[in-house]
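For reference, the chains in residue letters:
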Amino acid sequence: MTPEVLRQAAITLFGERGWMSRLSEALGVDRSSVSRWFAGLPVPGPVAAAVEAWLVIYKLTGRRPGEFDELSPADDLSGDA
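Everything numeric here is computed off the predicted structure, so don't read it as measured data. (Residues numbered from 1 in each chain as written. Predicted model: local features only at pLDDT ≥ 70, side-chain atom pairs only at ≥ 80, totals over all residues. Heavy atoms only, no water.)

As a further point, take the overall build of the chain. When helices and strands are tallied, the chain shows four helices and zero strands. Put simply, the chain runs from its N terminus to its C terminus through helices and strands in the order α-α-α-α. Taking all 81 residues of the chain together, the buried fraction comes to 26%. For the chain, the exposed area adds up to about 5,100 Å²; of that, 54% sits on carbon and sulfur atoms. (Helix = DSSP H or I, 4+ residues; strand = E, 2+ residues; numbered from the N terminus. Buried < 20%, exposed > 50% of the residue type's maximum accessible area, 1.4 Å probe, protein only. Areas by Shrake-Rupley, 256 points an atom, 1.4 Å probe, with all protein chains shown as cover.)

Written out as structure tokens, the structure is:
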């Protein structure tokens, strides 16, 4: 995942303002780690995987990270509920 793709995903998930802080909170990392990815360090694979998964959930449910922590069985998308 490139820094630009990560930036666009974060804006989609967290909005235009404060997205870097919200992204770091959702990932459980320090904001300085996120800043380093935009300064040229590679985006770690697990970070890219989490962001990509959040985008899929957002597209399917309209819920952002933190909002789907409260999913009820009726919201289960697997079809097994």
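Moving on, we come to the environment of Leu6. Note on placement: Leu6 falls in helix H1 (residues 3-14). On the basis of relative accessible area, Leu6 is assigned to the buried category, the value being 0%. Here the alpha-carbon distance between Leu6 and Phe38, two residues 32 residues apart in the chain, equals 8.8 Å. Contacts of Leu6, omitting those with residues within four sequence positions, involve Met1, Leu23, Trp37, Phe38, Val43 and Val51. (Contact = heavy atoms within 4.5 Å.)

For the rest of this paragraph, the subject is the environment of Leu13. Structurally, Leu13 is set in helix H1. Between the C-alpha atom of Leu13 and that of Trp54, which follows or precedes it by 41 residues, the distance is 7.8 Å. Sequence-distant contacts of Leu13, defined by excluding residues within four places in its chain, comprise Val51, Trp54, Leu55, Tyr58, Arg64 and Pro65.

What follows covers the side chain of Ser24. One can find Ser24 in helix H2 (residues 19-27). In contact with Ser24, not counting residues within four places along its chain, are Val29, Asp30, Arg31 and Val34.

Within H2, the full set of buried residues consists of Trp19, Met20, Leu23 and Ser24. Viewed end-on, H2 has its buried residues packed into an arc of 135 degrees, placing them on one side of the element. Close packing links the buried residues of H2 with H1, helix H3 (31-38) and helix H4 (45-61). Backbone geometry just after H2 places Gly28 at a positive phi near 75 degrees. (Arc of directions from axis to C-beta.)

This part covers the nonpolar core. Counting residues in hydrophobic clusters, the biggest one holds 17 residues, and the most contacted among them are Phe14, Leu23 and Val51. Contributions of two or more residues to this core are made by H1, H2, H3 and H4. Element by element, the count of residues in this core is highest for H1, at six residues. Sequence-distant contacts of Val51, that is, excluding residues within four places in its chain, are made with Met1, Leu6, Ala9, Leu13 and Leu23. (Core = buried A, V, L, I, M, F, W, Y, C linked by side-chain atoms within 4.5 Å.)

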